[in-house]
Amino acid sequence: MKNFDRNDFLDMVVYQIYPRSFCDGNGDGIGDIKGIISKLDYLKDLGVNAVWLSPCYKSPKYDNGYDVSDYRDIDPDYGTLDDMKRLISELHKRGIKLITDFVANHTSSEHKWFKEAKKSKDNPYHDYYIWEKTPPTKWTCCFGGSAWEYNEETGEYYLHSFAVQQPDLNWKNPKVREEMRSVVDFWLDLGVDGFRCDVLDYIGKNYATDHMHGDPSMHAYINELFGRDKLSRIFTVGECQSDEKDIREICGEDRGELTTVFQFEHFGVGRKDRWIKYPFAFDDVKNILSKWQYFSAKNGLLYTLFTDNHDQPYFISRTGNDREYRYECATMYAAMFYLLKGIPFIYQGQEFGSASPEYPSIDYYDDIETRNYYAYQEKAKEYPRYEVMNQVRFGSRDNSRHPVAWSEDEKTGYGFGSEKTWLPLNSRAKEINLERDKKSEKSVIGFYKKLLAYRKSSEVIRRGDFKELSADGEGNKGCFVFERSLGEKKVVVAVNFDREQTIELPVNEEEYKFIMSNNPAYKPFNKQFSAFDVAVYEKTK
Ligand code: GLC
Ligand code: CA
């Protein structure tokens, strides 16, 4: 057996599946495991070798499965535990790993632990959660309103960092830590290859701070969970809003905590918060990426590369032009992120240029965060209603949660598998679906496949060092040029944002060969770049 090398994780290309919206295998309007299995050859062909599966566990689904009521069973909407076992084996047959979501900070209020805990103060499960006689903090929960909820039976308040239906577990209680360790073991025994750890930094909290996450006590807890010898080879990625120090401590090779974390700084560009838009500056994204590339190199960290997930509107809709230049934006961002050093994550639909829909009213939205915000605004009236709807269309999590449009066939919900779906189909599904994209001269998925195949073939891209070449100069240059190198080998990547401009590249025809562009009209070894052009060169001598 080959010796374990942590850097092998850099060979992963992860695809995120949001099960409710991926593919409906039995026509009831909800995506399911059978549907997922029917798409595995597609994923293999795309060049993916790992899947991150958002929660399929039993859940009343106030937060679509991030409120787990049984960590050891599958929700009937998605199938059975046997279906899950089959999924794991079908994935493994194709050389694809399974990274399952692990929700450690909170359970559903319908979990048997909480149902017991709220009955009385001396119930054996009471101490599994966080109770106080009076709220000791002014914390607001992430979905709006107070983070403390009164429970009549015990005359106390419990903490919920998220929805009322998602009570926070008490990680100070060794029994909770033991329970969660055994959940991890349960899934490892079933054959999963890793965990995406939901809001993991929330398991450490301190009443003296104004936020509910990030207390250093989390390190010991994470170490207890994953720092065990037999787990060193599994892949763990944490959703953590950590600063540089935390990240070094969570992901340091010597720490026994996590393989890596998602670093979300680039998601903050072009907005004040989820709902409010700010002017977008491409160079801000570029500078953030550059900064974290250097930081990761200096600290020996593995970095995650992503533009999309189930909590965000599609990136190209928020930070690009998803109308006239949808293909160009989608392919430019793919090259910009996935040719950096790190582990690519692709969110379902992104690979064929999916964009946010245009829903006319709040009735088209299901997401608890969106609904809470809208209801709050109905009372607070901080903005006129049309403005609130604009904010929802800009920022709602449902923007990327609509059922995936696989084909041009309207009758099957554009190939999703049902006409009537749990969340309306994307209003742009006729224009943006996989089948149509494949046939197009400007095919996003065509470019993704080429890009991922190139990544696979190039050790320089997977393992090489990063150096930014577009760092100097003033103002918003609107381009990102970088070099990747491994020994003598070099790759130069240039991506241009939304204007035509001249970009000086350190490449010449004698020493470099042109590898690819997203624009068939791009002339190699030319300084002229059109809007959203990408150019990749490799050193030959
Ligand atoms: C994470 C999930 C999000 C969920 C929240 C609470 O941020 O990605 O979807 O609502 O945690 O579990
Ligand atoms: Ca179904």
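What comes next is a walk through the structure. Within each chain, residues carry numbers counting from 1 in the order of the written sequence. Chains carry letters from A onward and ligands carry numbers from 1 onward, assigned in written order. Under the rules for a predicted model, residues below a pLDDT of 70 receive no local features and side-chain atom pairs below 80 are neither given nor counted, while totals for whole chains, interfaces and linings still include all residues. By convention in this description, side-chain values take in all heavy atoms of the structure and omit both hydrogens and water.

**Some remarks on unusual backbone geometry**
Condition: Note on conventions: DSSP H or I runs of at least 4 residues are helices, E runs of at least 2 residues are strands, and numbering of each starts at the N terminus. For each residue, the accessible area found with a 1.4 Å probe, counting protein chains only, is set against the maximum for its type, and the residue is called buried under 20%, exposed over 50%, and partly exposed in between.
In the Ramachandran plot, asparagine 64 falls in the positive-phi region, its phi being about 45° despite a non-glycine side chain. Positionally, asparagine 64 belongs in the loop between β3 (57-58) and β4 (70-74). Accessibility expressed as a relative area gives 8% for asparagine 64, which makes it buried. Non-glycine residue phenylalanine 532 carries a positive phi angle of around 65°. Positionally, phenylalanine 532 belongs in the loop between β19 (528-529) and β20 (534-539). Relative accessible area serves as the criterion here: at 1%, phenylalanine 532 is assigned to the buried category.

**Examining the packing of helix α6 (residues 174-190) against helix α7 (residues 217-226)**
Let me state the cut-off plainly: To obtain each axis, a line is fitted to C-alpha atoms, and for helices this fit is confined to the stretch in contact; angles are then taken between N-to-C directions over 0 to 180 degrees. Should an angle fall under 35 degrees it is taken as roughly parallel, and over 145 as roughly antiparallel, whereas 65 to 115 is taken as roughly perpendicular and any remaining angle as oblique. Note on convention: the crossing is left-handed when the near helix lies turned anticlockwise from the far helix by less than a right angle, right-handed when the turn is clockwise. Contacts are residue-level and defined by heavy atoms, with any inter-residue pair within 4.5 Å sufficient.
Where α6 meets α7, the axes come as close as 9 Å, and the angle between the chain directions of the two elements is 40°. In terms of axis orientation, α6 runs oblique to α7. Judged by the sense of rotation from one axis to the other, the crossing of α6 with α7 is right-handed. Along its contact with α6, which presents Arg177, Met180, Arg181 and Val184, the element α7 presents Tyr221, Glu224, Leu225 and Phe226.

**Considering the site of ligand 1**
Inclusion rule: For this description, a residue counts as near a given molecule or strand if any of its non-hydrogen atoms is within 4 Å of it. We call two N or O atoms a polar contact when they sit within 3.5 Å, provided that within protein one can donate a hydrogen and the other can accept it, with sequence-adjacent residues counted only if both atoms are side-chain atoms. The accessible surface values rely on the Shrake-Rupley method and a 1.4 Å probe; as for residues, cover is taken only from the protein chains in view. Following the grouping adopted for this structure description, the nonpolar residues are Ala, Val, Leu, Ile, Met, Phe, Trp, Tyr, Cys and Pro, the charged ones are Asp, Glu, Lys and Arg, and the polar ones are all others, Gly among them.
Ligand 1 sits among 14 residues. The nearest are Asp63, Asp198, Glu239, His310 and Asp311. At a separation of 2.8 Å, an oxygen atom of ligand 1 approaches a polar side-chain atom of aspartate 198. Glutamate 239 places a side-chain nitrogen or oxygen 2.8 Å from an oxygen atom of ligand 1. Summarising the interface, the protein chains cover 96% of the accessible area of ligand 1, which totals 310 Å² for the free molecule. For the shell around ligand 1, a count of residues per class yields 4 nonpolar, 3 polar and 7 charged.

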